[in-house]
Structure formats: C-alpha cells, structure tokens
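Below are the chains, spelled out letter by letter.
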Amino acid sequence: MRYFKNFLILLWRVYFYILIALPILLMLPFLLLSICKESWYPYFFVMARIWAKVILFGMGFYPKVVFHEAPEQGKSYMFIANHTSMTDIMLMLSTIRSPFVFVGKKELVNIPLFGFFYKRTCILVDRNSSKSRGEVFKRAQSRLNQGLSICIFPEGGVPDDESVLLDEFKDGAFRLAIDHQIPILPLTFADNKKRFSYTFFSGSPGVMRVTVHRALPTVGLTQDDKKALKEQSFQIIEGELKRYQAEN
C-alpha cells in the first residue's frame, strides 16, 4: 500500500512541473511581449497571476485568505512571508493583486522555461556576493519608482530542517523598506509545508490558508530601527503559525 501511495505522489509531483510549463507555453507570445519593456511589467504580472492560479487549482490546492488589512491599490509595499515550499511563489501571486516584484536567489534561473522569465522579471541576488546585494537596492529603487511593490521571503531560503517553524530573518527586506519608507506587509502561509514540502514523497491536495496581517509603517524610521522592525515582523508571523498549529 505504501509503494502504491508513493507512486501516486510521484505522478502528482511530476504533474506539478507539467503545470508550471503548460500555461507558460500557452501564453508564450504575450509573455515575451510583456517583458520587452520594464514599464510593461504590470501586464506580465496579470499573466503571472493566471499562471499561479492554474497551478494551484490544477494541483488541488484551494487558497483560503483572511485579510486583516488589504493592500491599497497604487501604494508600494514590502511583502514578506514564511518560506517552506515551491508553492509559496504561486500562493503569493494568487493572494496579492497589486503588481509586485520578487527578490529571489539566482539559482532559480536554472529551471527550464520558468528561469527564462524569472531572470528577466525578478530582482536576483547572489547571497555570497556583496556586489550583488548592492545591486538589489538599485534595482528595487527603480521598481519602486515605477509604483510597484517588492516581495522578499526574509528567511533567505527554505530551512533544510522541516521541523523548524520559522527560521531567522535576514536584514534585507527591512533595510529596503526603511530606506524607501514603504510599509512592511507580513503574510503567513499556514499549510504550504504540509501540502507541498521539499520532501519528495509527501504532500496532498487541500486548503492553503493565508493570513494577510496589518501593515507595519516605516515612515520616520531609520536603520537604527531595523532590528526592532525585523523582530516585530518575525513575532507576527511566528505567532500566527503557532496559532494555526494549536488549531490543528
């Protein structure tokens, strides 16, 4: 019985990668057109949201979102969330309607097809290069000047130990938010690790709960306030994860 279950999970996991590629292929001419100019990014973002929703629905994942505060249209934010799964990208795109740009690790460029668009639309960072980290700030400034928001998973990656509830936050998201005086908007993803973790023979279709918390203002803050802002954000997401755990 266990082998049969693992076989079904194997097929389901392979299907995930098919779903990643299929909408991209179907929308390819429009996607290519939308990345010709940076100013056309909002059109790309609309198609990225369609791509994300197709994957979530196709895999049997059903987002259930609770908004304590909805993002204001036309206002720039720093979106942050806990990071436990490849589906975090799709769930973030599905949840937030206002155009934003991911700041992410450059290794994802190597994913066939997806990596082509990822490289041209996201802000890439090599965490081992101080020069790369400096470029992130310049590109973020350019995107914010276009009226877009930024999204960073502040753990800096998915923890290798899946028993970790929430890993330590890096400084980048909070430094950027303070530099540009944009509010931090934390999100908590409750079920992504359970639904589709990096442990291959695991996961299942079902509900993906999301909490969109109240925004944390940064107007008037300086880099001296960065640590307190980071700790406050961590406590908000960690507290919500613990609440979800208690409910389960």
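These remarks concern the structure in this document. For clarity, every value in this text was computed on a predicted model and none was experimentally measured.

### Side note on the nonpolar core
- In terms of nonpolar packing, the biggest core is built from 69 residues, with W51, M78 and M92 touching the most fellow members.
- Considering every element that reaches this core, the biggest residue donor is helix α3 (residues 41–58), with nine residues.
- In this structure M78 touches I150, I152, A173, L176, A177, I182, P183, I184 and L185, once residues within four positions along its chain are discounted.

### Considering the side chain of T95
- Within the fold, T95 resides in helix α4 (residues 87–95).
- A residue is classified by how much of its surface remains accessible, and T95, at 7% relative accessible area, is buried.

### What about the environment of T222?
- Residue placement: T222 occurs in the loop between β7 (206–212) and α9 (226–247).
- Given the relative accessible area of 40%, T222 is considered partly exposed.
- When the C-alpha atoms of T222 and G60 are compared, they prove to be 44 Å apart, with 162 residues separating the residues in sequence.

### Details of the sheet that holds strand β1 (residues 61–67)
- Strand order in the open sheet made by the seven strands is β1-β7-β6-β2-β5-β3-β4, with mixed pairing throughout. Two strands bound the open sheet, and with one partner strand each, they are β1 and β4 (123–125). Sheet twist, expressed as the mean angle between neighbouring strand axes with direction ignored, is 25°.
- One ladder, built from three bridges, connects strand β2 (residues 78–81) with strand β5 (residues 149–152); its direction is parallel. Bridged to M78 within β5 is I150.

### Structural notes on α9
- Between its terminal C-alpha atoms α9 stretches 32 Å, which fits the 32 Å expected from 22 residues at 1.5 Å a residue.
- Every buried residue of α9 is accounted for by K226, L229, K230, S233, F234, I237, E240, L241 and Y244. Projection of α9 onto a plane perpendicular to its axis shows the buried side chains occupying an angular sector of 135°, all on one side. Residues of α9 that are exposed and angled more than 90 degrees away from the buried face: K227, Q235 and A246.
- On its buried side, α9 packs onto β2, α7 (172–180), β6 (184–189) and β7.

### Section: the packing of α3 against α4
- Two elements in contact, α3 and α4, have axes separated by 8 Å at closest approach and are oriented at 120°. When the axes of α3 and α4 are compared, the pair comes out oblique. In this structure, the crossing between α3 and α4 has a hand that is left-handed. Residues F45, A48, R49, W51, A52, K53, I55 and L56 of α3 pack against I89, M90, L91, L93 and S94 of α4.
- Considered class by class, the residues forming the contact of α3 with α4 number ten nonpolar, one polar and two charged.

### Concerning the pairing of β6
- Counting buried residues in β6 gives six out of six residues, a clear majority hidden from the surface.
- The side-chain alternation of β6 yields two buried faces, one formed by I184, P186 and T188 and the other by L185, L187 and F189.
- Note that β2 and β6 share four bridges and pair parallel. By the bridge assignment for β6, M78 is matched with I184.
- Bridge count for β6 against β7 is three bridges, and the pairing is antiparallel. Residue pairing in the sheet places F189 in a bridge with V210 of β7.

### Focus: the packing of aromatic side chains
- Taken as a whole and judged by the stated rule, the model has 19 aromatic pairs.
- Seen in terms of ring centroids, W12 and F196 are 5.5 Å apart; in terms of plane orientation they differ by 70°. Their pairing is edge-to-face. Of the two residues, W12 is situated in helix α1 (residues 2–26) and F196 in helix α8 (residues 192–196); the sequence distance between them amounts to 184 residues. Summarising the burial analysis for this pair, W12 and F196 share the class buried.
- Grouped by ring-pair contacts, the aromatic residues Y41, F44, F45, Y77, F79, F100, F102, F116, F117 and F153 constitute a single cluster.
- Its end group placed over the ring of F196, R13 keeps NZ or CZ at 3.9 Å from the ring centre.
- Lying across the ring of Y41, R143 places its NZ or CZ 5.0 Å from the centre.

Parameters and conventions
Residues numbered from 1 in each chain as written. Predicted model: local features only at pLDDT ≥ 70, side-chain atom pairs only at ≥ 80, totals over all residues. Heavy atoms only, no water. Core = buried A, V, L, I, M, F, W, Y, C linked by side-chain atoms within 4.5 Å. Buried < 20%, exposed > 50% of the residue type's maximum accessible area, 1.4 Å probe, protein only. Helix = DSSP H or I, 4+ residues; strand = E, 2+ residues; numbered from the N terminus. Contact = heavy atoms within 4.5 Å. Pairing = 2+ DSSP bridges. Axes fitted to C-alpha atoms, helices over the stretch in contact; angles between N-to-C directions. Expected span 1.5 Å × (residues − 1). Arc of directions from axis to C-beta. Parallel < 35°, antiparallel > 145°, perpendicular 65-115°, else oblique. Left-handed = near helix turned anticlockwise from the far one by under 90°. Nonpolar A, V, L, I, M, F, W, Y, C, P; charged D, E, K, R; others polar. Phe/Tyr/Trp six-rings, centres within 6.5 Å; stacked < 30°, edge-to-face > 60°. Lys NZ or Arg CZ within 6 Å of the ring centre and 35° of its normal.

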